[in-house]
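Survey of secondary and tertiary structure
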Amino acid sequence: MNRPLNILFVASEVASFAKTGGLADVALSLPKALSEMGHNVVVVMPRYYAIDKSKLTHVEGVLGVPMGVMGELWAGVYHTTLPKSSVSVYFIEHEEFFGRSGLYDHEGRAYDDNAVRFIFFSKAVFSLAKMIDFHPDIIHANDWHTAVVPLLAKRRFVHDFGDAATVLTLHNLEHQGVFHKSVMELLECGWEPFTPEAFESMDFVNLLKGGIAYADAVTTVSKRYAWEIQTPEFGFGLQQHINAHAHKLFGIVNGVDYMEWSPEHDKRIAANYSAETLDGKLLCKKELQKHFHLEQRDDVPLVGFVGRFAKQKGIELIAEIIEWVLGHDVQIVMLGAGEKWAEGYFRHIASRYGSKFAIHVGYSDDLAHKIEAGSDLFLMPSLFEPCGLNQIYSLSYGTLPIVRKTGGLDDTIENFNALANSGVGFKFEDATPHALYNTIMWALDTYTNNKEAFVAMQKRAMQQHFGWDDAAKEYDVVYRYALERLQK
Ligand code: ADP
Ligand code: GLC
């Protein structure tokens, strides 16, 4: 390997401490993989109210964080290491900003002061690096929450961090951090960055847009999404801006933490199993059926869904066809929370089709694992999907994904081809109820009438490997590129 790098990895959520989605999984696994490659990695995140302080070590001293017109604010610091690793993770504590139950919202309503909260966090990261005497070669920021980091490194904190190259990863273009322009004052970088080429969007400040402009390199979480976001359909208004920066844009598919998500090691499931013997999977299926009070039958195809109830995830498509599908011999279980109409609608379906459809509204790591292991098929008909993790977790469990041909779903799932005996899932193109319905029918038919092909596909799926070690190597290349650009 080339010279090891000092990498400051900055994220608003990190799995096992605070998680609302896949960003947290990435922020746990990628730093570990980078560290295993030999890099020196430090992770920083906010200390949300829900993170138990008694399990962390309090770091002596306080951080001063300059916040422009708000003056200098103070933050506390806690420390621990990532689970099963020696990578340091630091927590920025500020009672007023992070001492509340939600990460970004309260019951779906974004906090009014999100701009202040996350600019404060982004700035505190620099104060922290000074406090712990960490000199980053790379500062790796993620999504809109920390998208001001590249600008801060190049302007406000250039004196101490001018040698650090910045990388911004885009996990989801739907959320860009758009706020009143007065937010610029908090950055203390003047008004020069407030132009249509950087932070300005129709007289508002757009943090993600500015981050893309100032980062030395930008990555997103699949190859297909990297070009999709340069089109009007997926760019959420930033397509031209991203296209203008395409020369420094890289698509790197997320990986799977196989210690966490594999049927061989998973401690949360009824029985462990592997591609050699799928017997244990049947026990997992029985346990899942029991958990959801469904009829305990081996021969009925069981379809699982785990995910946010958001338009992105195709929940409207599912809602449209669910009753058509339930007209067949099938069982469906759903785990998720989000849009209230969807929670209500699927609960209503559960009350009508109790013997074959069940739902758990809420968040449960345990149940997510049980669904991955116990289902035969996994439903993920997303309208867009930057990468998606559940479909690759499903592969690991031999649970065949039904996906739409978009973003990371397209990159990671090869469509079933009965003639060639190839593929690991069922893929459709059009975001229409009929296309989804027909694909589910194709999957159910394969399960019931072409068992041999189905089992062969399960085994192929389980042999796929989406290692974080491979992804980390690609990030390593991006880091070198970012450093070179900075030095030019
Ligand atoms: P996104 O980040 O867009 O939500 P991903 O597929 O990348 O989608 O990651 C979602 C992650 O969140 C997965 O680890 C998934 O298991 C988890 N997850 C989503 N909803 C729930 C839920 N209700 N309960 C448990 N885990 C969930
Ligand atoms: C986002 C995306 C998801 C991706 C995750 C982690 O939340 O919606 O597709 O897998 O980030 O990168």
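Residues numbered from 1 in each chain as written. Chains lettered and ligands numbered in written order. Predicted model: local features only at pLDDT ≥ 70, side-chain atom pairs only at ≥ 80, totals over all residues. Heavy atoms only, no water.

**Let's talk about the pairing of strand E1 (residues 6–10)**
Filter applied, for reference: Burial classes follow relative accessibility: with a 1.4 Å probe on protein chains only, a residue under 20% of its type's maximum area counts as buried, one over 50% as exposed, and anything between as partly exposed. Each helix corresponds to a stretch of at least 4 residues labelled H or I by DSSP, and each strand to a stretch of at least 2 residues labelled E; elements are numbered beginning at the N terminus. Between any two strands, pairing holds if DSSP finds at least two bridges. A right-handed crossover is one whose linking path, passing over the helix from the first strand to the second, runs clockwise when the strands point away from the viewer.
Judged by how many residues are buried, E1 sits mostly within the fold: four of five residues are covered. As judged from the five bridges shared by E1 and strand E2 (residues 40–46), these two strands associate in the parallel manner. Across the sheet, the residue bridging to Ile7 is Val41, located in E2. With respect to chirality, the unit in which E1 leads through helix H1 (residues 22–36) into the neighbouring parallel E2 is right-handed. Where E1 and strand E8 (residues 138–142) come together, four bridges link them in parallel fashion.

**Some words on the site of ligand 1**
Convention followed: We call a residue near a given molecule or strand whenever any one of its heavy atoms falls within 4 Å of it. N or O atoms within 3.5 Å of each other form a polar contact, as long as, within protein, one can give a hydrogen and the other can take it, and as long as residues adjacent in sequence are counted only when both atoms are side-chain atoms. Per-residue accessibility takes into account occlusion by the displayed protein chains alone, with areas from the Shrake-Rupley method and a 1.4 Å probe. Throughout, the ten residues Ala, Val, Leu, Ile, Met, Phe, Trp, Tyr, Cys and Pro are labelled nonpolar, Asp, Glu, Lys and Arg are labelled charged, and all others, Gly among them, are labelled polar. Residue ranges for the domains originate in an automatic or database domain assignment.
Inspection of the region around ligand 1 gives 21 residues, with Lys19, Gly22, Arg308, Lys313 and Leu389 positioned closest. Between ligand 1 and Lys19, the relevant distance is 2.8 Å, taken from an oxygen atom to a side-chain nitrogen or oxygen of the residue. Arg308 places a polar side-chain atom, nitrogen or oxygen, 2.7 Å from an oxygen atom of ligand 1. A total of 560 Å² of accessible area belongs to ligand 1 in isolation, and the protein chains cover 93% of it. When the residues that make up the shell around ligand 1 are grouped by side-chain class, the tally is seven nonpolar, nine polar and five charged. Each of domain 1 (6–255 + 468–487) and domain 2 (279–462) gives at least three residues to the shell around ligand 1.

**Quick look at the site of ligand 2**
In the neighbourhood of ligand 2, 14 residues make up the surrounding shell, with His171, Asn254, Glu385, Cys387 and Gly388 lying closest. Gln312 places a side-chain nitrogen or oxygen 3.0 Å from an oxygen atom of ligand 2. Here Pro386 contributes a backbone N or O atom positioned 3.5 Å from an oxygen atom of ligand 2. Starting from 310 Å² of accessible surface for ligand 2 in isolation, the protein chains cover 93%.

**A look at the packing of aromatic side chains**
Condition: By convention, a stacked pair of Phe, Tyr or Trp rings (six-membered ring in the case of Trp) has centres within 6.5 Å and planes under 30 degrees apart, an edge-to-face pair has planes over 60 apart, and any other such pair is tilted.
All told, the structure shown has 25 aromatic pairs when counted by the stated rule. Relative to Tyr481, the ring of Phe250 has its centre 5.1 Å away and its plane inclined at 70°; by these criteria the two rings are edge-to-face. Residue Phe250 is located in strand E14 (residues 249–251), and its partner Tyr481 is located in helix H18 (residues 468–487); the two are separated by 231 residues in the primary sequence. Residues Trp261 and Tyr393 carry aromatic rings whose centres are separated by 4.1 Å and whose planes lie at 10° to one another, so their mutual orientation is stacked. A residue pair is termed long-range when its members are at least 10 positions apart, and Trp261 in the loop between E14 and helix H10 (279–291) and Tyr393 in helix H14 (residues 390–396) qualify at 132 residues. The residues Trp261 and Tyr393 share a single accessibility class, namely buried. What links up through ring pairs into an aromatic cluster is the set Tyr48, Phe97, Phe98, Tyr104, Phe118, Phe120, Trp144 and Phe179.

**A closer look at the pattern of salt bridges**
What counts is decided by this rule: Salt bridge, as used here: a side-chain nitrogen of Lys or Arg that lies within 4 Å of a carboxyl oxygen of Asp or Glu.
For the coordinates displayed, the defined rule picks out 32 salt bridges. Across the pair Glu188 and Lys123 runs a salt bridge, and its minimum N-O distance is 2.6 Å. Here Lys123 lies in helix H3 (residues 114–131) and Glu188 lies in the loop between helix H6 (184–187) and strand E11 (200–201), a separation of 65 residues in the sequence. Overall, Glu188 belongs to the partly exposed group, its relative accessible area being 31%. A relative accessible area of 0% means that Lys123 is categorised as buried. Put simply, Lys311 and Glu316 hold a salt bridge, and the shortest N to O gap is 3.5 Å.

**Some details on the side chain of Asn142**
The condition that has to hold: Only heavy atoms matter for contacts: two residues are in contact if any of them lie within 4.5 Å across the pair.
Along the chain, the position of Asn142 falls in strand E8. Overall, Asn142 belongs to the buried group, its relative accessible area being 1%. Leave out the neighbours within four places in its chain, and Asn142 touches Phe9, Val10, Ala11, Leu23, Leu168, Thr169 and His171.

**Brief notes about the domain arrangement of the protein chain**
Worth spelling out the cut-off: By buried area we mean how much accessible surface two parts lose on assembly, using a 1.4 Å probe and totalling the loss over both.
The domain boundaries assigned to the protein chain delineate domain 1 (6–255 + 468–487) and domain 2 (279–462). On the side of domain 2, 19 residues touch domain 1, which itself brings 19 residues to the contact. For the pair domain 1 and domain 2, the two sides together bury roughly 1,400 Å², of which 55% comes from carbon and sulfur. Here domain 1 and domain 2 share one salt bridge between them. The salt bridge partner of Asp410 is Arg224, with a shortest N-O separation of 2.9 Å. Put simply, domain 1 and domain 2 have 10 residue pairs in polar contact (both at pLDDT 80 or more) between them. Those elements that place two or more of their residues in the side of domain 1 that touches domain 2 are H1 and helix H8 (223–228). In terms of residue count, H8 provides more of the side of domain 1 that touches domain 2 than any other element does, four residues in total.

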